[in-house]
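Structural characterization, general
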Amino acid sequence: MFLAAAQRSQRRTQKHFLASFAPWREVSPPFPSRHQPGTFNFGPAETLTASIMNWLRTESLLKGIYLGLLFFVALRVPDWPALLTVNAAALGGLALALFIAGAARLREGYEIKGRLLPFILFLLLESPTLVYAGILFGATAGAFLALPVGATERTLLIELVGGGALLGILFGVLQSVADRRVRLGLSLLVAAALVAAVMLSFTQLGFVEEASDKPAFHIENTTLFAVQILLGIPIFYLLTFAGREEESEVEIGVMCAALGLGAGVLTKDARGYQALSFILPVMFYVAYSTRVLPRLRVFKHAVRGLSYAKIGRYRQALQSLRRALQLDPQNKLARESLWSVHRALDLPALVNDPQTLALVDLDLCLERASALLLQPRPAPEKLHEALRLLDLISIQRPRMLPKISYWRAVACTHARELDNAVTELVHLLDPEAHDPEDPERQAILLPAWQLVLTLHPELKRRVGEPQLALPGRRMEAIAAVERHLATAPDDQDVWGIKRVLYQDLSEAEYHAAAQHGIKPGNFDHAYAHQLGLALINDAARWQRGAEYLRMAGHGLPQQGPSIFTHIAQAQQRNGDHEGAWFSYESAKKAAHAVGVRNLPANERQMYFQVVKLLGDAALKHDELDAAAENYQLYTEYERSGLETLRTLADIHERRGDPLAALRFTDQALVYSAKDKDLLERKDRYYYSVMPDMLRPRLESLKSGFDVAYCLRKARSLLDVRGGDLDLVDWAQHLTELAVLVTPESLATKVLLARIKLRRGEKEEAAAILDDVYRNKPEKFATTEDDEAWHLACKLLGDLYLFDLARPDLAVACYQDFRKSSKSGADTLYKMGQAYEQLGDFTKAKKFFEHVAAYDGHPLIPEAREALYRLQANQVGK
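Basis of the calculations
Each chain carries its own residue numbering, running from 1 in the written order of its sequence. Residues qualify for local features only when their pLDDT is at least 70, as the model is predicted, and side-chain atom pairs are given and counted only at 80 or more; totals for whole chains, interfaces and linings, by contrast, use all residues. To get the side-chain values, take all heavy atoms of the structure and skip hydrogens and water. Secondary structure is summarised from DSSP: a helix means a run of H or I of at least four residues, a strand means a run of E of at least two, and numbering begins at the N terminus for each. Only protein chains enter the accessibility calculation, which uses a 1.4 Å probe; a residue is then buried when its area is under 20% of its type maximum, exposed when over 50%, and partly exposed in between. Whether two residues are in contact is decided by their heavy atoms, any of which lying within 4.5 Å being enough. A 1.4 Å probe and the Shrake-Rupley method give the accessible areas. Residues count as covered only by the protein chains that appear here. In this scheme, a helix's expected span is set at 1.5 Å multiplied by one less than its residue total. For this analysis, a polar contact is any N or O atom pair within 3.5 Å, provided that within protein one partner can donate a hydrogen and the other can accept it, and provided that sequence-adjacent residues contribute only side-chain to side-chain pairs. Fitted lines through C-alpha atoms give the axes, limited to the stretch in contact for helices. The angle between two N-to-C directions lies from 0 to 180 degrees. By definition in this entry, angles of less than 35 degrees are roughly parallel, angles greater than 145 are roughly antiparallel, angles of 65 to 115 are roughly perpendicular, and the rest are oblique. The crossing is said to be left-handed when, going from far helix to near helix, the turn is anticlockwise and less than a right angle, and right-handed when the turn is clockwise. Residue type decides the class: Asp, Glu, Lys and Arg count as charged, Ala, Val, Leu, Ile, Met, Phe, Trp, Tyr, Cys and Pro as nonpolar, and the leftover types, Gly among them, as polar. For this document, the term salt bridge refers to a Lys or Arg side-chain nitrogen within 4 Å of an Asp or Glu carboxyl oxygen. When two rings of Phe, Tyr or Trp (its six-membered ring) have centres within 6.5 Å they constitute a pair, described as stacked for plane angles under 30 degrees, edge-to-face for angles over 60, and tilted for the intermediate range. Geometrically, a charge over a ring is one whose NZ (Lys) or CZ (Arg) sits within 6 Å of the ring centre while staying within 35 degrees of the ring normal. pLDDT: the predictor's confidence for each residue, scored from 0 to 100.

Here's the deal with the overall build of the chain
- Of the regular secondary structure elements, the chain holds 45 helices and 0 strands.
- Each of the 877 residues in the chain was classed as buried or not, and the buried ones make up 47%.
- Here the contacts in the chain between residues at least 6 apart in sequence split such that 65% fall between residues at least 24 apart.
- When the accessible surface of the chain is split by element, carbon and sulfur atoms take 57% of a total near 43900 Å².

Notes on helix α21 (residues 439-455)
- Its 17 residues place the ends of α21 24 Å apart at the C-alpha level, agreeing with the 24 Å of an ideal helix rising 1.5 Å per residue.
- Buried within α21 are the following residues: Glu-440, Arg-441, Ile-444, Leu-445, Leu-446, Ala-448, Trp-449, Leu-451, Val-452 and Leu-453.
- Against α19 (401-414), α20 (418-429), α22 (457-468), α23 (473-487) and α24 (492-503) lie the buried residues of α21.
- Where α21 begins, the capping side chain belongs to Asp-438, and its oxygen is found 3.0 Å from the backbone nitrogen of Glu-440.

Considerations on the environment of Leu-94
- Looking at where Leu-94 falls in the secondary structure, it is placed in helix α4 (residues 80-107).
- Residue Leu-94 is classed as buried on the basis of its relative accessible area, which comes to 8%.
- Taking the C-alpha atoms as reference points, Leu-94 and Ile-135, 41 residues apart in sequence, are found 5.1 Å from one another.
- The residues touching Leu-94, leaving out its near neighbours within four places in the chain, are Leu-124, Val-131, Gly-134, Ile-135 and Leu-238.

Things to note about the packing of helix α39 (residues 746-759) against helix α41 (residues 783-803)
- Contact pair α39 / α41: the axes reach a minimum separation of 8 Å and the direction vectors enclose 30°. Considered as vectors, α39 and α41 are oriented roughly parallel to each other. Regarding α39 and α41, the two cross each other, and that crossing is left-handed. Residues Leu-746, Ala-747, Val-750, Arg-754 and Leu-757 of α39 pack against Glu-784, Asp-785, Ala-788, Trp-789, Leu-791, Ala-792, Leu-795 and Leu-799 of α41.
- Looking at the contact of α39 with α41, its residues break down into 10 nonpolar, no polar and 3 charged.

Digging into the pattern of salt bridges
- All chains considered together, the criterion is met by 46 salt bridges.
- We note a salt bridge from Arg-541 to Asp-538, for which the minimum N-O separation is 3.3 Å.
- Within the structure, one salt-bridge network assembled from shared partners comprises Glu-643, Arg-646, Asp-650, Glu-653, Asp-675, Asp-677, Glu-680, Arg-681 and Arg-684.

Quick word on the packing of aromatic side chains
- For the structure shown, the criterion picks out 17 aromatic pairs.
- Their ring planes at 70° and their centres at 4.8 Å tell us that Tyr-406 and Trp-407 sit as a pair that is edge-to-face.
- Of the residues examined, Tyr-406 reaches a relative accessible area of 7% and is grouped as buried.
- Linked through ring pairs, Trp-495, Tyr-502, Tyr-510, Phe-523 and Tyr-527 together constitute an aromatic cluster.
- Just above the ring of Tyr-548 sits the side chain of Arg-544; from NZ or CZ to the centre is 4.2 Å.
- Note that Arg-663 overlies the ring of Phe-664, its terminal NZ or CZ placed 4.6 Å from the centroid.

Let's talk about the confidence of the model for the chain
- Averaged over every residue, the pLDDT of the chain is 80; residues scoring 70 or more account for 83%.
- Put simply, helix α1 (residues 2-20) is where the chain has its lowest mean pLDDT, 37, and helix α26 (residues 525-535) is where it has its highest, 95.
- Contacts of residues 1-56 to residues separated by more than four positions or lying in other chains number 71 contacts, the stretch itself having pLDDT below 50.

Remarks on unusual backbone geometry
- Although it is not a glycine, Arg-377 adopts a positive phi angle of roughly 50°.
- For Arg-377, the position within the fold is in the loop between α17 (362-373) and α18 (380-396).
- A positive phi angle, close to 60°, is found at Asp-622, a residue other than glycine.
- Structurally, Asp-622 can be placed in the loop between α30 (601-620) and α31 (624-634).

Structure representation (C-alpha cells):
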C-alpha cells in the first residue's frame, strides 16, 4: 500500500511537471542513448579524503540535527496544542523559506502562470539551503515557544542535538559505501539498532508520565510522543527531497525506523498489532529502496536540470541531466530535457566556456543535426541550426570530420549549393586524405555513395561517376555496401547500389585490391560466383562471366576446382585452349591452397578429374615431368586404380628413373601380384637400378625397397643348372643392392659369398664367410639370418677342407653346422675326411661308420671305402 501510493504520487508529479514546461520544450526523435552508468574509483589518499568529506556533509549533519530536535520535542511535548504549535512553526518556517526563494526567482524573471504546484516543487529543489534553514529554525522556535525549556531541558536538547549530529555523520559514512546491496543492508541494520536502542531505553526507564521525580530522559506523553515521531517523517522527507545530495537508502531507513518506532509505541497495549508495526516498515523499506528510490533520483536530477536551463545556467543543467541519464539511460524526461538544453545553447559562446563545452553531448548534437537534415525540404532555420551543430562538433571532436563532411554536403545539397557539396564529398571519398582504418569514415561511406549514386542526378554526374573511375574507389564503395548488408541483408535500396557497383567491376580493379588483401566481409565472392555462372554459358558474354568466376575463385578456394573448371570448359568451347589449361592449373592450385582433404566431396572429385585430365594431356604431348606430377596427384584418389600406377611406372621408365618406376610397380603388384607385365617390369627395373643411383636416395627408399625380392631372385638365378655368367652377374647385381640397403643382414652376405664361389673367387668368398662366422650375434634378428649363419659354417668348412688345407678349422665349422636342422650324413662324411687329414683315424672311422649306417644314402659306398682305407692303414702299421 505504501509503495503503490508513493509510485502513483511520483507519476502524477512527473506528469504535471512535464505538462507545465510544455511551452519551452520540443519533442525530439528518440535517439539511442550514448550514456552508460558510471563508476568512480579512488586511490588510497583520495578514498580517505572522500570518506572524510562524506562524514562532514552539511546536509547529512543537518538531517541528524533535525532528528535530535524531533526526538526532543517528542519526549517533552505535553499536550496537543503544544504539538500543533511546534509542527506549525516548522511548516511556517518552510513556508517562509519558500516565499523568500519564490520572491527571488520572480525577480529573476520566473512567471507562475497558474502552475503553482510545479513552481513550489521547483522551489523545493532549487532552494535547499532555505528549505533546511526554514524547517530547522521553525522547529526550534516552535519548541522554545510551546515547550517549557529549563536547565534540564536545555541540557537534554544539547545532548540530543549533539547525538543527532553524530548520527548525521554516520549517515554520511553509510552513503559513501559504493556497493548498493551492502549500503541497503547497513542502513536497515542501523535503523533497527536505533529502534532497538530506544525501545530498550523505554523498557529500562519506563514510560514515565506522572511521577514526581522524573529522570531527564522520560516521555511526557506516550501518545503524543508517537504522533510527533510520525509527523516528523514527512518533514524529514522534505529535507531529503530538497537536498542537493542524492536520496539514499540511509534516509529511507531512518524514516522506516521512525515509522516503526511511532507505530510500536501506539500499539504497545495491542499485542496483536505490535508485530505489524515492525514488519510493515521493513517491507516498505525494501520495496521503496529497490523500486521507487532509483526512479525518484532520476526525476530529481531531471527536474533540477530543467530548472537550471530555465534560468540559463546551462552548465549545471547539463550536469544534472547527464547524471539523470547516467542513472537511467532510457528516461524519457531526462533525454528530452537534455536535448531541449542543447537546443537552447549559444554555440559560439560555448567556445569560450570550456567547462560547459565539456558537458555537451556531441553525439546527441550530431544525431540532432542528422535528424534535421533528413527531413524532406528542411526550412532555412533548420539548416542553419544543423550547420551550427556541425561547426561545434568539428571544433570539439575533429575525429568526426568525415561524418561532418557528409552532413555538410547534405545541407549544401538541400540549400542547392552544389559546388560546396561536391567539394565536401570529393574530399570525403578520397582515401588518401584519411586514415584507411578510420571508423568514422567507414561508418559514413555508404550514405555518401548513396548520395552521389542514387539520390541526386547532378551529384552522380559530378561526383559519383568520376569517383568510381578512380583506382580503388569502386572496391571501397563495395566494401561499404557489404559491411552494411552484413547487418541489414534485406535493405533493397542498398542492394540496388550493390548491383550497380558489381555490374561494371573489372577484374583489374579486383586484383589491385586483392594484392593488399581484401578483408573478410568487404566483398561478396558468392555474389560474384552467381554472376559468373549466369554468364559463363552465354556465347556472347562468357568472357565477362569468366572474370566474375576468377574473382569468386580467389575468395572461395574451397569451390576453386569447380569454379576454374567452369572457366576452362568455356575456354575450350570457344577455342582458347591455352587459357583452358591455365584455368585447369588454377583449379589444381586452389585445391592445394585449401588442402585436398579439406575440400567438400564434390569439389574433391572435381579436383581429381582435373589432375587426371592434365596428366593425360601432358602425356599426350610427351611432357613427362608434368605427366608424372599430375598422375602422382591422381594416385591420392581412391578410384585411381592399378592402371594409374602402371602408367606412372612407364612414365618414369621413359624419364630414366628406374627407382621411381620400380616404386610404382611394387605398389601396383599389391593390387595384382601375378600380373605378368608388372612382374616383367619389376625384373627389368631392379636390373636397371645401379648402386650409385640407390646410394644417395637410400634413406627415403629403404622402407620401400624389396630386399626379399632381390635375395629370392638371386638365389633362383644361382640355382639354375648350367646357368651362364650373365645369370650370375644378374644375381650379384641384385645381391649388391640388397647389401647396400641391409648391410647388417647375414643372408645377403652369405648369398654374396656364394656368388663369389660361383665365380671362383674363393679367397674373397672365404673372407666374407669368415666375417659372418666370427661375428655371430647373441640372438639372430630373423630365422633367415639363423639359417644363413649355419650355411656360412658349411661353406666355410668346405673351403677349409678342400681348398685352403685347414682341416682343423673345417672341423670347427662343421661342428657348428651340425646344430642346424639341415646338417646330415654329408656333414658327418666331411668331418670324417677332416679328421682323416688331421691323422685322427679313430674319430675319422667313427664319422665314416655313422655315414655307412644311413640306409640308402648315396655316400655309403664312399664311407665304406674310407673305412677299408683306414683299416688298411692300421694293418700296415
